[in-house]
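Descriptive structure summary
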Amino acid sequence: MTDKQPILLVRQIEELRNQVAAWKSEGLRVSLVPTMGALHDGHASLVKLALKDADRVVVSLFVNPKQFNDRTDLANYPRTEDADRDRLEDLGAHMLYAPVREEIYPEGFATSVVVEGPAIPLEGAHRPGHFAGVATVVCKLFNQVQPHSAVFGEKDFQQLAVLRRMVRDLDMAVEIIGGKTIREKDGLALSSRNERLSDDDRKKAAGLSQAMTNAVDAIEGGADIAGTLNRTQASILEAGFEKIDYLALVGAEDLQPMDERDRDGRLVAAAFLGGVRLIDNMPVKGPRR
Ligand code: PAF
């Protein structure tokens, strides 16, 4: 039996920097998994990817106020640090970096990282300021931790594209690794927001991924894209969702709407169920030549 190593809990940049510098001086590779806590099996899969990639894994936990454009959403965001810490220790992560707010946003903080291009449509259009909040905090975490790699989930597909673009455009020396979406048995993508669904809505929630799976099959089978999207919107509403922010087929790289299946795409959606906003995405294969 191997002894489980206690996870380091760090809240200040200085201690973080000293520890990471010590690891690097031993020639160890460091990976970062940024999170906002309320960890589930989706996060666990990202930590496992980081452990495969690197010798030391830092998981950050910071509920970032700048990426919430809805105060109630921020107030309701689950906070479960003790359980998160136990879970990370079981997984074998080496450090939980849970900074105090002043370490991220000190008094007078006045800088923002704004990505355009892939950040403009979809979530960007429906949640003004969201991606500037994400890019700013992730840029800060990269500067603070200085990891060799960082792991993000494909569940937030647009976020992954935006962060890849930020790293490329600003020449950040961090390798970005994307982790596959983890789903419940009925197809619902794991998300910290699922906790807020009532029992009844939880049963209805899989209607989103089921309608999207049917749409992917139809589009890959040659069905007309606009007609399929219309029928899929109707199925999502019939499943009990009250409002759809968007359902679109977009280019997998540029996130621009596709009206024909001429390249690899991504079917992306955001919809409300019982006041909870759920997002999902699935790959759509382009024609194989
Ligand atoms: O995906 C998330 O949980 C957050 O957007 C992130 C990347 C941790 C930044 O706050």
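Here, every reference points to the structure presented above.
Because the structure is a prediction, the values reported are computed rather than measured. (Residues numbered from 1 in each chain as written. Predicted model: local features only at pLDDT ≥ 70, side-chain atom pairs only at ≥ 80, totals over all residues. Heavy atoms only, no water.)

**Things to note about the pairing of strand β5 (residues 149-153)**
When a strand is regular, its side chains alternate between the sheet's two faces. Most of β5 sits out of view: five of its five residues are buried. With burial as the criterion, each face of β5 is covered, one bearing S149, V151 and G153 and the other bearing A150 and F152. Where strand β2 (residues 30-35) lies against β5, two bridges are found, and the strand directions are parallel. Bridging from a neighbouring strand, L32 pairs with A150 of β5. With five bridges joining them, β5 and strand β6 (residues 175-179) adopt parallel strand pairing. (Buried < 20%, exposed > 50% of the residue type's maximum accessible area, 1.4 Å probe, protein only. Helix = DSSP H or I, 4+ residues; strand = E, 2+ residues; numbered from the N terminus. Pairing = 2+ DSSP bridges.)

**Points about the site of the ligand**
Lining the immediate surroundings of the ligand are P34, T35, M36, N64, Q67, V137, F152, D156 and Q159. One of the side-chain nitrogen or oxygen atoms of Q67 is found 2.6 Å away from an oxygen atom of the ligand. A distance of 2.7 Å separates an oxygen atom of the ligand from a polar atom in the side chain of Q159. Looking at the shell around the ligand, its residues break down into four nonpolar, four polar and one charged. (Near = heavy atom within 4 Å. Polar contact = N/O pair within 3.5 Å; in protein donor to acceptor, adjacent residues only side chain to side chain. Nonpolar A, V, L, I, M, F, W, Y, C, P; charged D, E, K, R; others polar.)

**A word on the sheet that holds strand β8 (residues 265-273)**
Strand order in the open sheet made by the three strands is β7-β8-β9, with antiparallel pairing throughout. Only two strands of the sheet have a single partner each, and these edge strands are β7 (243-251) and β9 (276-284). Between one strand axis and the next, the sheet turns by 10 degrees as a mean value, whatever way the strands run. Bridge count for β8 against β9 is nine bridges, and the pairing is antiparallel. (Axes fitted to C-alpha atoms, helices over the stretch in contact; angles between N-to-C directions.)

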